[in-house]
Structures are given as C-alpha cells and as structure tokens.
Amino acid sequence: MTVLAEQQEDSARRTRRSLTLSIGLLLVGLHLAVALLTLVWIPYDPTGMTGGRLEAPSWAHWAGTDRLGRDLFTQIMIGSRIALIVGAGAVAIAAAIGVTLGVLAAFATRYLDDALAATFDILIAFPTLLLAMLVVAATGTASLLSAILALGIAISAIVARLTRILAKRVLAMDYITAARTAGSSWPSIVFRHLLPNIWPTLSVNFALQFGLAVIAEASLSYLGLGAPPPNASWGRLLQEAQGTVYTAPFGAVAPGLALVSLVIGMNLLADGLRDIGDPTRRRSR
C-alpha cells in the first residue's frame, strides 16, 4: 500500500507540474500571439476617437473606450507588444551584462571577487524600480529604449550575483579540474562546461526577471517615465484611468488584467522550467 500511495502521489505531483507549465505557456503564448497580430492588424486606429467617451464594453468596443473615445481593446493589444519588447530587451541586456560579470567574478582573484560580490549585493539592495528611475533620469529622456536600458541595467546585478554563485559551484567540480589538467583553455571551459551547466537555472531566473521587468515598465509608465504617448503601455492606461475608476472601472480593470495575466504566466512558466531543469525536484518512479 505504501508503494502504491507513493506512486499515486508522484503521479499527482507530475500532473500538477505539467499543468503549471501548460498554463504558463498558454498565457504567455496568448500574449505573444496578440503582440504578433498587432504587427499586421488592429481593430481601430489607437490614436483615433472611434467612439464616445468612456463607453462600456460592447460588440463594437470589446473593452470600451477611454476618456478621449479611443478603443481600449486596441490599446491593450498594443500594450502586449510593448510589454513583451520591454521584457525581452531588458532580460537580454541583463543577461549580457550579468552573465559576463558573474563569470568574471567567479574566475577573479579573491579580493576582486569579494569586491564584485559586495557591489552586486549593494545594487540588489536598491529596489529595481528605483535604479531604473535613476538610469532614466540620467539619460534625460523618457522613451521605450531608455526604459529597456534602465531595467536591463537594474536587473543585471541580480543575474550577475546568481551567475557568480553558480559558476563558482561548477568550477569546484572534479571534471573542471580534469579539464584544466588536460590543458583546456579558460574560454573552452566556460563555453563547453560552465555555461551549459548553469544555463538551466539561469533560464528560470530570466523568466522571473521578465515578469519583474514587465511590472517595472508599467510602473515607470504610470509615473510618466516609460514609453511616452502614443505608445499604449499598460501602465499609462492605468494612470489615465485612475481619475475615472469609479465611474468607468473597466478602463482600469482591462489593462490590469492583461498585466497580471502576463506576469502570472511568466511565473508559472518559470516554475515549470525549474521542475524540468532541476532533477532534485523530480522523484524517480
């Protein structure tokens, strides 16, 4: 009976993990499909006044209209594209900077390693949004590119710290010592042994940081430091709807649901990737 119970529990656990990954892929895939669709078709001109002010959802306007009479569903669709561009761009910048610095710290001398580790910890102690605001302020202009750059730099410290920890753990393995004894160069060790072994864990962290970047971009846009009009960022839609949240709540509910669904989808996807890439979380049959 004990063996049967363990098998049933293991089967239920695998089912839950598969469901988590499936839901994550579905939510993220839906936003990706919408973002790609906006490249070839959108229901209305995002800047055109296609209806009355603050109309309720209808067949003509699925999410209603905003205070200027613009179609909200069209703007939310474009917001999906902006969110994915920001998330992907910020993660790419963070990966390029963070992985490079993390690997260098793992190979550095003790004193340089300690200095870099302390720097990473100090940067991580600051909220990501605050660092992003400082970078945007330093650039002097609020734009989509500056938001991506700011978020990428802010997140890079998190990636660098994780990369350093993972890299030092791998470099202490016996097969790395054997590779060095055999005469393998450091670049060969990095690309043939180090990166392939830490990439599964890093990919999970990238998915989590993607969701963080989407939230941070929405926050920047809400504060007026993100993508300027006519870019239909979800954060800007929420900011514009705050004055009519009691009389026309759908203006805030629709972009809020879009934002939450994408972030939840990325978190579920990260959880599913962690289950796939971490053998210690999977029980043998």
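Computed from a predicted structure; not experimentally measured.

The rules behind each value
- Residues numbered from 1 in each chain as written.
- Predicted model: local features only at pLDDT ≥ 70, side-chain atom pairs only at ≥ 80, totals over all residues.
- Heavy atoms only, no water.
- Axes fitted to C-alpha atoms, helices over the stretch in contact; angles between N-to-C directions.
- Helix = DSSP H or I, 4+ residues; strand = E, 2+ residues; numbered from the N terminus.
- Parallel < 35°, antiparallel > 145°, perpendicular 65-115°, else oblique.
- Left-handed = near helix turned anticlockwise from the far one by under 90°.
- Contact = heavy atoms within 4.5 Å.
- Nonpolar A, V, L, I, M, F, W, Y, C, P; charged D, E, K, R; others polar.
- Phe/Tyr/Trp six-rings, centres within 6.5 Å; stacked < 30°, edge-to-face > 60°.
- Buried < 20%, exposed > 50% of the residue type's maximum accessible area, 1.4 Å probe, protein only.
- Salt bridge = Lys/Arg side-chain N within 4 Å of Asp/Glu carboxyl O.
- 1 Å grid on protein atoms, 1.4 Å probe; cavity = no way out; pocket = protein on both sides within 12 Å on 5 of 7 lines; lining within 4 Å.
- Points joined across faces, edges and corners; volume = space filled by probe spheres on them.
- pLDDT = per-residue confidence, 0-100.

Closest axis-to-axis distance for the helix 3 (residues 110-125)/helix 5 (residues 144-171) pair is 8 Å, and the angle between their directions is 140°. Relative to helix 5, the element helix 3 is oriented oblique. In terms of crossing hand, the pair formed by helix 3 and helix 5 is left-handed. Across the interface between the two elements, Asp113, Ala117, Phe120, Asp121, Leu123 and Ile124 from helix 3 touch Ala157, Ile158, Ala160, Arg161, Arg164 and Lys168 from helix 5. Considering only residue class, the contact of helix 3 with helix 5 consists of seven nonpolar, no polar and five charged.

This next bit is on the packing of aromatic side chains. Across all of its chains, the model carries three aromatic pairs by this definition. Ring centres of Trp199 and Phe206 lie 5.6 Å apart, and the angle between their planes is 70°; on these two criteria the pair is classed as edge-to-face. By relative accessible area, Trp199 is classed as partly exposed at 45%.

All right, on to the pattern of salt bridges then. Under the criterion given, the structure shown has seven salt bridges. In this structure, Glu240 and Arg236 form a salt bridge, with 2.5 Å as the shortest nitrogen-oxygen distance. Of this pair, Glu240 and Arg236 both sit in helix 8 (residues 234-241), four residues apart, which is roughly one turn of that helix. Take Arg236: its relative accessible area is 7%, and that puts it in the buried class.

Turning to empty space enclosed by the protein, a few remarks are in order. The full count for this structure, using the stated rule, is two cavities of 30 Å³ or more. What the largest cavity holds in volume is close to 90 Å³. The wall of the largest cavity is formed by Leu54, Thr65, Asp66, Arg67, Leu72, Leu237, Glu240, Ala241, Thr244 and Gly251. A per-element tally of the lining of the largest cavity places helix 8 first, with three residues. Of the residues belonging to the lining of the largest cavity, the class tally is four nonpolar, three polar and three charged. What the second largest cavity holds in volume is close to 30 Å³. Lining the second largest cavity are Gly79, Ile82, Ala83, Val214, Glu217, Ala218, Ser233, Trp234 and Leu259. Looking at the lining of the second largest cavity, the elements that each hand over two or more residues are helix 2 (72-107) and helix 7 (186-222). Here the residues of the lining of the second largest cavity are counted per class, giving six nonpolar, two polar and one charged.

The subject of this paragraph is the packing of helix 5 against helix 7. Running from N to C, helix 5 and helix 7 point in directions that differ by 150°, and their axes come no closer than 9 Å. Taken together, the axis directions place helix 5 and helix 7 in an arrangement best described as roughly antiparallel. In terms of crossing hand, the pair formed by helix 5 and helix 7 is right-handed. Taken together, the residues of the contact of helix 5 with helix 7 break down into 19 nonpolar, six polar and one charged.

Before going further, it helps to spend a moment on the environment of Ala160. By the element assignment, Ala160 lies in helix 5. Taking the relative accessible area as the measure of exposure, Ala160 reaches 0% and is therefore buried. Here the alpha-carbon distance between Ala160 and Ala248, two residues 88 residues apart in the chain, equals 44 Å. Not counting residues up to four positions away in its chain, the partners in contact with Ala160 are Gly98, Leu101, Gly102 and Phe120.

Looking at where Ala232 falls in the secondary structure, it is placed in the loop between helix 7 and helix 8. Residues Ala232 and Ala147, spaced 85 residues apart in sequence, show a C-alpha to C-alpha distance of 14 Å. If sequence neighbours within four positions are ignored, Ala232 has contacts with Gln75, Ile78, Gly79, Ile82 and Leu237.

Residue placement: Thr128 occurs in helix 4 (residues 128-139). The exposure class assigned to Thr128 is buried, which follows from its relative accessible area of 15%. Along the chain, Thr128 and Ile158 lie 30 residues apart, while their C-alpha atoms are 9.6 Å from each other. Contacts of Thr128, omitting those with residues within four sequence positions, involve Ala154, Ile155, Ile158 and Leu212.

For the rest of this paragraph, the subject is helix 8. Every α-helix winds through 3.6 residues per turn, so residues three or four apart in the chain are directed the same way. With six of eight residues buried, helix 8 is to be regarded as a mostly interior element. Looking only at helix 8, the buried set comprises Trp234, Gly235, Arg236, Leu237, Glu240 and Ala241.

Per-residue confidence for the protein gives a mean pLDDT of 86; residues scoring 70 or more make up 91%. Between the elements of the protein, mean pLDDT differs from a low of 77, seen in helix 1 (residues 2-37), to a high of 95, seen in helix 2.

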